[in-house]
Amino acid sequence: MEYRIKELEAKWQNWWDQERTYAVPSDTQKPKFYVLDMFPYPSGAGLHVGHPLGYIASDIFARFKRMEGYNVLHPMGFDAFGLPAEQYAIQTGVHPAESTKENMTRYREQLRNLGFNYDWSREVNTSDPEYYRWTQWIFLKLFSHWYDQVAQKARPIHELVDQFETLGSVGTTACCGEEMVFSAAEWKGMSDVQKEDVLMNFRLAYRRVSFVNWCEELGTVLANDEVKDGFSERGGFPVERRPMLQWSLRITAYAERLLNDLDTLNWSDALKAMQRNWIGRSEGAKVTFPIQNTEQELEVFTTRPDTIFGVTFMVVAPEHDLISLLTTPEQKQAVNDYLHYVQSRSERDRLSDVKQMTGVFTGSYAKHPFTGKQIPIWTAEYVLKDYGSGAIMAVPSDDDRDRAFAEMANLPIIDIVDRSGWPDAKREDKVGRMMNSDFLNGLEVNAAIKKAIQALVDRGIGERKINYKLRDALFSRQRYWGEPFPIVYNDKGIPVPVSENELPVTLPPLDNFKPTSDGHSPLARSRDWVELDNGFVRETDTMPGYAGSSWYFLRYMDAQNQDAFASRSALDYWQDVDLYIGGTEHAVGHLMYARFWHKFLFDLGLLPTNEPFKKLINQGMIQGVIESIYLLKEKVNGQYLFRCAGLVEGDDLSQYIPIPVLIDYVREYGTDSSYLDVDSIRQFVDWRPEYKNAKFECAEGSIENGVFTPKTNGTGSKLFTHSEVGKMSKSKYNVINPDDVVGIYGADCFRMYEMFLGPIEQSKPWDTKGIDGVSKFLKRFWSLFANQDQWLVDETGQPDRDSLRILHQTIQRIRDDINRFSINTCISHFMICVNELKRLDCHHLAILEPLTLLIAPFAPHMAEEIWHRLGHESSVHHGLFPIVNEAFLVADEVVYPVSINGKRRAEITVPTETDAKTLEEQALQLPEIVKWMEGLSVRKLIIVPGRMINIVAG
RNA sequence: GCCGAAGUGGCGGAACUGGUAGACGCGCUGGACUCAAAAUCCAGUGUAAGCAAUUACGUGCGGGUUCGAGUCCCGCCUUCGGCACCA
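Residues numbered from 1 in each chain as written. Chains lettered and ligands numbered in written order. Predicted model: local features only at pLDDT ≥ 70, side-chain atom pairs only at ≥ 80, totals over all residues. Heavy atoms only, no water.

A. The arrangement of unusual backbone geometry in detail. Looking along the chain, the bond that leaves Leu503 and enters Pro504 is cis, with omega of 0 degrees. For Asn293, which is not glycine, the phi dihedral falls at a positive 65 degrees. Checked against the element boundaries, Asn293 lands in the loop between β10 (281-290) and β11 (297-302). Assessed through its relative accessible area of 82%, Asn293 is described here as exposed. The phi torsion at Asn436 lies on the positive side, around 50 degrees, for a residue other than glycine. Within the fold, Asn436 resides in the loop between β17 (433-434) and α15 (445-458). (Helix = DSSP H or I, 4+ residues; strand = E, 2+ residues; numbered from the N terminus. Buried < 20%, exposed > 50% of the residue type's maximum accessible area, 1.4 Å probe, protein only.)

Right, here's the structure in full:
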C-alpha cells in the first residue's frame, strides 16, 4: 500500500481525460464562476517553473469553487503570435506556424503533467485563423465607429457622416485627434480622399504618422526591447526614430470611463493606482499663442494657467508639425543638428535625463497674449509630441524641468508665486499668492487658476481643458507573425474594409521572413497576396501582440462558435471573469487594452458587462539566478581571457562583458560561491566553441584547453561566477523546467511546494531547498490511511473530540485562507493537522474522508486515489467541500499573556468565560507579576478579551 | 527620472482588524532504530551573557504617535516589476 506517485498521477490524469472530469457545460442551473489565467506565449524554451505559480493558485481556487457547487469555467489557451517565433523563422527558416504549433504541444503536455483542471475543449489560439477572424472583425468595428463624448459611447461612422452632411463639424460631440472646423457645404465639396482624411480624425481605429525604431544596418524596424542605449542589441548598430504612416486605436476616447470604472473593480489599490497614473488625467487650460510674423498659432496645454505671467519661453517637441515653419534660416543648421541628435534618443532617455537638459532656439517668437511681450520659442527633447499638444509654455519659476532648462539656456525667470506662507512647499505645489501677475496679483493659486481661465475664455484665446497622459495605442507592426489587417486600399489610396463574409484574411505562405529593405513588413514580398485583381492593394502591416489578448477571455465562453465571437447566450451566462490571476507586468498594457476593447463591444450592445475582470490578483514572479563569467573585452595576445569573479573585484567592470553560462554547468548554483570547475569549463567550451582556445584565469592558476596550470603554491581551480537574480528566460540560460521537478517529486508535491514558497503576490528566486519537507508531508498524509502492508482506515469507530477539533479547525482555516488567497498558509495548516492526527494516531473514516475532500484542490492526484480507495466511484473533484461545525471549535480554556508596560512577563490560563474583573485580580497575583511590580504601582490596566492583559505601571 | 511593490532567524516564510515576533517547512546539532547507510521517529535551535533559573537586545536605516508598533505617520537606503514595439 505504498504511495507510488508516478503510477497514480499518470493513472488519474488519464482517467480525468477519459471521464471528461473537467468539461464545463454551459447549459446548467448552477451559478457560474469564471477563473482565468493569463495565457502564455508558447516560447521555444517551454514552460518554466515561474509560469505555474499563478496557474496552481487558480487551479486550486477553481477546484474549490466547483466543490462549493459552482459551474466553474477554467480554460487555457495560447497567445501565439509574437516576435520570438518570427526571429526564429528568420534564423532557421522554420515557419512560425510550425514552431508555434510544436511549442504549444509541449506547453500542453507540461500543463497536463501538473494536473490542472482545464477544459481543453475550449482552448484558444490567437494565431488560428478561426480565432483571428474575430480579432479582425472587432478591428473592423473599431474602424467603422467613432466616439460620442456626450452620449459616452461608440457610434457608427455613418451617423457622423450624416451630421457632417447637415451641420458640418459645428457642434460635433465626437472625440477626435485634432480639431477641425468645416461647414456642411465644405464637407460636401470635399473629394473622397479629403473626406476620408477627415474621417480618420474620428475613427476609433485610424491611421496617423507614428515613429518606429529604424536600424539602417539591419534594415529593419526594432522593438523597444531590441534597442539598448540607442543601439541595436544584436550587432550594436545605431537606431533612429523614423516617422511612418501607421494604424492606431483611439483608446483616449475611453480615458474617462477607464478611469472612473476602476472604482467598481475589486483590484489591489496598487494596481488601480498604476492604471490611474497611466491614464494621467489632469485639469487645466488650452492656450493659444500667436507666432510672430506668421498667421499660425501655437497651442499649448497647461495645468497652471495662473502662471501665465511667468512664461519666459516656449518649447515645442522636436517632432512638432510646426517645427520647420518656426525654424528661421539663421537657426536652421542648429535645429537640424538637434533634430538629428533627438532621432537617436529613445523616449525613455528623453524623459529620464533631467539633469542634463538639451534644446535649441528655433529663431521664432510668440507673442504673450496678455503682456504682448516677445517670447522665444525653443525646441527640446523633454517635450513629447504625443503628450498634450506637443508644446508647452515654460514657467521656470514654478516648474522644475522648465527651471533646469532656463538655467541651462540662460533664459529669464520671473517669480510670480509668493510661497513665503508655505515654507515647506515645493516649486510645483499649487499653493501661494500671485505676484507680478497683473490682474491675478494677490489671489491664491486656486482662485487665480479659475480667474486666468475666465480671462482666456473672454479673450477667445483659451479654454478649460482636461488632458490625459494616456496616448492612443499604436496598432501597426511591420512584421509577418501577427493578424493581417482586413483593409485594402483603392486606387486613390483610400482604405476600404474587407467585407465580413471574406474574413478571415489569412497570412500568405512565405519563406523569407526578413522585412523589406524599406522597412515594410515581410508581407509586402508576397505580391500575389498584396495585389488584388481589381487593382486594390492590401495593408501589409500586421496587428501587435496585444490584439489577440484584448478579447480572448470572451472566446473561452464559446470557443467553437462559427457564427460569432461568442453566442449571446454564452455571454449572458458567463458574463465576466470573476477571478483573474496574472503578473503585474501586465498592469498597464494588456489590462488597459482589454478593458478598452470590452467597453467598446459593450457600447455596441454585444456584451452584457461594462468591465471584463471583476477581481484580479497579481502573482509574483519566480525568478532565476543568472550566472555569468567575466570576459575581458580586449583579447590578450589574440586570445579570449575569462577572469574569475573574485579577481575582477575592484576592476573597472566596463572592460568586461558578462557572458551568461548555462546553469547546468555551474557548481553550487545560486549560492554566493557558485563556480565553474575544470569539468564544467570543458562543458562550457563544448557548448560555446568560439571560446575553445580561451584562457580561464582563477585566483590560484589558470585553465587552458581543459588543463589546469596552478600558480606557485596554488591549488584551487574554481572559476567563480557572477550571480544575479533576474527573469527566468531562454536568453539567460537559466530556465528550470517543471517536468524535471515533477519527475522527482510528483505533480502534487510540486504544486504544494510552489504554493508553500510564500504569498502568490511575492516574487522570489527559484530554489528547491525545502521541497523535501512538502514531499515528507505528503507521505505522512498518506500514512494516515495506509502503511507498507495494510489499509489503516477505521470505518466503524467514533472519533474523539480532539480529532474532531483538529479537523474542523483545519476546515475553517483552509476555507478562510483560500478565500483570501493565502495559499501558502493553507499548506502549513495541512501540515499542522497531519502532525496532530499522527500524534493522536487517528485513523477514523469520519476524520479522514472530509480531510481527503479538503486537500483535493491542492493535491488532486493523491486525493483522487485515496477517494477511490475509500470506495467512491465518482471523482473527488465533484465532491462537496467540507463545512465547519463550530461546535467542535470551542475551547474550554484560554491563555492570556500578561505584560507590564508592553513587555510580556507572565502567562495565565483561565476558563474561557472568565470576566475581566476576575482576570485582573488573578493576573496581579501571579508571582512573576508581583515580583516585577515591586516598587511600582498600577496606573492603568488594559484587558483585550481573548487576547492579552497589559499592566501600565510606574 | 517617473509610477508601483517588497525588505522579519543560517534560508523560504507566519503573525488577518495595532495586542505573546519567529507558526509551518528547510538547514543545523544531539539522540533512537541499524552491522552500516538511507528512510523514519524523538529532542533542541533568533542573537548575546550565564551551569542554570534568567536577563538584555531584536522585524532594512533614522525619527515620531501609542499603555502597546513587524503592523500607523514622516524622512532615507536597498532590491524587484512597469514606463507605451518582449509577451
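Now that the structure has been shown, the text picks up again.
B. Molecular detail of the packing of helix α3 (residues 83-92) against helix α4 (residues 96-113). Taken N-terminus to C-terminus, the directions of α3 and α4 make an angle of 125 degrees; their axes are 9 Å apart at the nearest point. The angle between α3 and α4 places the two elements in the oblique class. As α3 packs across α4, the resulting crossing turns out to be right-handed. Mapping the contact onto sequence places Ala85, Glu86, Tyr88 and Ala89 in α3 and Pro96, Ser99 and Thr100 in α4. For the contact of α3 with α4, a count of residues per class yields four nonpolar, two polar and one charged. (Axes fitted to C-alpha atoms, helices over the stretch in contact; angles between N-to-C directions. Parallel < 35°, antiparallel > 145°, perpendicular 65-115°, else oblique. Left-handed = near helix turned anticlockwise from the far one by under 90°. Contact = heavy atoms within 4.5 Å. Nonpolar A, V, L, I, M, F, W, Y, C, P; charged D, E, K, R; others polar.)

C. Structural detail: the packing of aromatic side chains. Tallying each qualifying case throughout the model produces 66 aromatic pairs. Here Phe143 and Trp247 contribute two aromatic rings whose centre-to-centre distance is 5.8 Å and whose plane-to-plane angle is 70 degrees, an arrangement assigned as edge-to-face. Linking Phe143 in helix α5 (residues 129-143) with Trp247 in strand β9 (residues 240-249), this pair joins segments that are 104 residues apart in sequence. Classification of Phe143 by relative accessible area gives buried; the value is 3%. Judged by relative accessible area, Trp247 falls into the buried class, the value being 1%. Geometrically, the ring pair formed by Tyr573 and Trp574 is edge-to-face, given 4.7 Å between the ring centres and 75 degrees between the ring planes. Per residue, the accessibility class of Tyr573 equals that of Trp574, and both read buried. Ring pairs connect the aromatic residues Phe139, Phe143, Trp247, Phe475, Phe485, Tyr546, Tyr593 and Trp597, which therefore count as one cluster. For the cation-ring pair, Arg203 lies above Phe143, with the distance from its terminal atom to the ring centre recorded as 3.9 Å. Its end group placed over the ring of Tyr675, Lys718 keeps NZ or CZ at 4.6 Å from the ring centre. (Phe/Tyr/Trp six-rings, centres within 6.5 Å; stacked < 30°, edge-to-face > 60°. Lys NZ or Arg CZ within 6 Å of the ring centre and 35° of its normal.)

D. Region of the structure containing the protein's contact with RNA strand B. The local shell around RNA strand B holds 61 residues, among which Asn224, Leu757, Arg780, Asn824 and Asn950 are the closest. Each atom of RNA strand B within 4 Å of the protein was assigned to sugar, phosphate or base; sugar and phosphate come to 65%. Take Gln478: an N or O atom from its side chain is 3.1 Å from a base nitrogen of RNA strand B. Elements with a contribution of two residues or more to the surface near RNA strand B: α10 (269-279), α13 (347-352), α25 (771-783), α27 (823-840), β36 (903-911), β37 (938-944) and β38 (948-953). It is α27 that contributes the most residues to the surface near RNA strand B, six residues altogether. The residue inventory of the surface near RNA strand B, partitioned by class, reads 25 nonpolar, 17 polar and 19 charged. (Near = heavy atom within 4 Å. Polar contact = N/O pair within 3.5 Å; in protein donor to acceptor, adjacent residues only side chain to side chain.)

E. Expanded view of the side chain of Thr126. Positionally, Thr126 belongs in the loop between α4 and α5. A relative accessible area of 1% places Thr126 in the buried class. A distance of 2.8 Å separates a polar side-chain atom of Thr126 from the backbone nitrogen of Ala80. For Thr126, the contacting residues outside a window of four places in its chain are Phe39, Phe78, Asp79, Ala80, Phe81, Tyr131, Tyr132, Glu483 and Gly548.

Any functional reading would require information that these geometric values do not contain.
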